[in-house]
Amino acid sequence: MHHVRRAPVFSQAPPPQLHSNELLCSTQARRKSKATTTTMRPLRRLAVLLVLVLLPAVAWALDPPRFPGPQPRARQGANGVGGYEYETRYFRQRLDHFSFPGVGDEDEAAAFFQQRYLVGRGGGWAGPGGPIFFYCGNEGDIAWFAANSGLVWEAAPRFAALVVFAEHRYYGESMPFGSKAKAYNNSKSLAYLTAEQAIADFAVLLADLKRNLSAEGSPVVLFGGSYGGMLAAWMRLKYPHVAVGALASSAPILQFEDIVPSTIFYDLVSDDFQRESLSCFQTIKDSWRVLDEQGNGQDGLLKLSKTFHLCQTLKTSGDLSDWLSSAYSYLGMVDYPIPSEFLMPLPANPIKEVCRNIDSQPEGTSILERIYAGVNVYYNYTGTVDCFDLNDDPHGMGGWDWQACTEMVMPMSYSENRSMYPPYKFNYASYADNCIKSYGVRPRPRWITTEFGGHNITMVLEKFGSNIIFFNGLLDPWSGGGVLKNISESVIAIVAPLGAHHIDLRPATPEDPDWLVSLRESELKIISGWLSDYYGARGALFQPVAVKGSSAS
């Protein structure tokens, strides 16, 4: 997918509006309070969202997570991935949309790059004038997001819509300067990796695509999950003439500066575990001290490496702590009620399984052995892994480290009582020092809210926004930075107390609970309204196609 605000303790009590027993259309507004003093920590790569924090009370650090990134298990073929068929295309995209390099300059060739995008081959598009469903690519390979965004594909036939998935610059195959090595070479080559450039890419790509298809009159609906959801919402606000609306799923657009408490992400991860088992929560809470003590003891790193079946002997206990912290964070994101392979092959309700493994060990089992039994559910549920390589980064999201060191500054802290992590307060000075050391750049923590907004979000979206759906599942720790209440008649919050990270976008399965089926139908009814309004205003008739088992009209 990777931010902050000050407010009272987040409540998961359901608000009054319900689509089903477990679906909320709005929640009680989170009250805002003054910003806390923030502090921060150093940067690491393995399964990190932002930067590594050096905890003052202990010798190791816990990493804030990244947004979930692409996983190499996606079944990609010549014409599609995950069962969805598409054609792969490339667009000659401008490197910098906000400057005008001279013709004939030595670097003129470098002023463009090939942006990859996928166009659905289902053949159900109504043709010129028909809707276009456009997915705003995240920080990873677009084929992976296409495989894991079944709602877009499955809803398209109902609306006779064309499906397009656009890859985000600097990820997947969309590399400026001809290669990832050159694109990621230094701060000068990475300077064009920003959210502003990315949504400008999407706008330019859409304009060209519609022109080539003689579809200038086709309405565009934007989709995106996690960081992609943020981009979809921001694009709707920045380019309202380009798209009629946006579904922004699990988009933490408020996780910046002091808009939400810096502790909220890890508080919600902790709540997920405490919800399943208080003893499991306490075991994890106690484990950090034991891990640190053993790591500092004689042959401690060797013993830890054996306990956790690592492929190489640890250099510091902090590396193991980061690995464990990443697992807990990702488990909070993907605590789906059905089996999934979104990040790793996992059972339904994976946190329940983790806690069952931790709690069910025989009497006399050490705390760290219990912890290993638990995280084995996340890292090795299939039982095929002989040892674990802590340096393996299956999600391939190195570019996010740069984004986090420039404009995506999302402060993260650990609270003292509510959290299962040792207390720590975000330190911006340390964070900035790390970014300067890593990239030679100083973060701009207030730029995102200047560019896209965030403060006084209710007033701003009520007056200046329209046609945006914000979905959040309350099990998802990123929901702490999401929009959780209806802003206006057309800026809608759909909240699922038992939902996890953009579960609404996941491919439909026969095992989906009723509340999830109802939730998706609610989203599609709203989108249907946007399209009806658009065609009605243009004097054209729009009537969505009914699909079997659908209650939408």
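From a predicted model like this one, the values you see are computed outputs, not experimental measurements.

Draft legend 1. Broad picture of the overall build of the protein chain. Helices and strands together make up the secondary structure of the protein chain, namely 17 helices and 13 strands. Among the 553 residues that make up the protein chain, the fraction classed as buried is 60%.

Draft legend 2. Focus on unusual backbone geometry. For Ala160, which is not a glycine, the phi torsion comes out positive at approximately 50 degrees. Residue placement: Ala160 occurs in the loop between helix H2 (150-159) and strand E9 (162-166). The backbone of Asn456 sits at a positive phi, close to 50 degrees, despite the residue not being glycine. Take Asn456: it is sitting in the loop between helix H15 (447-452) and helix H16 (457-464).

Draft legend 3. Representation of the environment of Asp272 within the structure. Following the sequence through the fold, Asp272 ends up in helix H7 (residues 264-276). Residue classification places Asp272 among the buried positions, given a relative accessible area of 1%. Separated by 79 residues in sequence, Asp272 and Ile351 place their C-alpha atoms 7.6 Å apart.

Draft legend 4. Looking closely at the state of the cysteines. Following the criterion strictly, the structure yields 3 disulfides and no others. Each sulfur in the disulfide pair Cys280 and Cys355 lies 2.2 Å from the other. One quick way to see it: the torsion about the S-S bond of Cys280 and Cys355 is about -70 degrees, and its sign makes the bridge left-handed. Taken as a pair, Cys280 in helix H8 (residues 278-296) and Cys355 in helix H11 (residues 350-359) lie far apart in primary sequence, 75 residues in all. With a relative accessible area of 0%, Cys280 lands in the buried category. Each disulfide pairs two cysteine sulfurs, and for Cys311 the partner residue is Cys387, the sulfurs being separated by 2.0 Å. On the sign convention where negative is left-handed, the bridge of Cys311 and Cys387, at about 95 degrees about the S-S bond, is right-handed. With Cys311 in the loop between helix H9 (300-307) and helix H10 (317-333) and Cys387 in the loop between helix H12 (367-379) and helix H13 (398-404), this residue pair connects regions lying 76 residues apart in the sequence. On the accessibility criterion, Cys311 (34% relative accessible area) is partly exposed. Along the protein chain, the cysteines engaged in disulfide bonds are linked according to the scheme 1-3, 2-4, 5-6 when indexed in sequence order.

How each quantity is defined
Residues numbered from 1 in each chain as written. Predicted model: local features only at pLDDT ≥ 70, side-chain atom pairs only at ≥ 80, totals over all residues. Heavy atoms only, no water. Helix = DSSP H or I, 4+ residues; strand = E, 2+ residues; numbered from the N terminus. Buried < 20%, exposed > 50% of the residue type's maximum accessible area, 1.4 Å probe, protein only. Disulfide = S-S within 2.5 Å.

So far we have only geometry, and geometry alone does not tell us how the molecule works.
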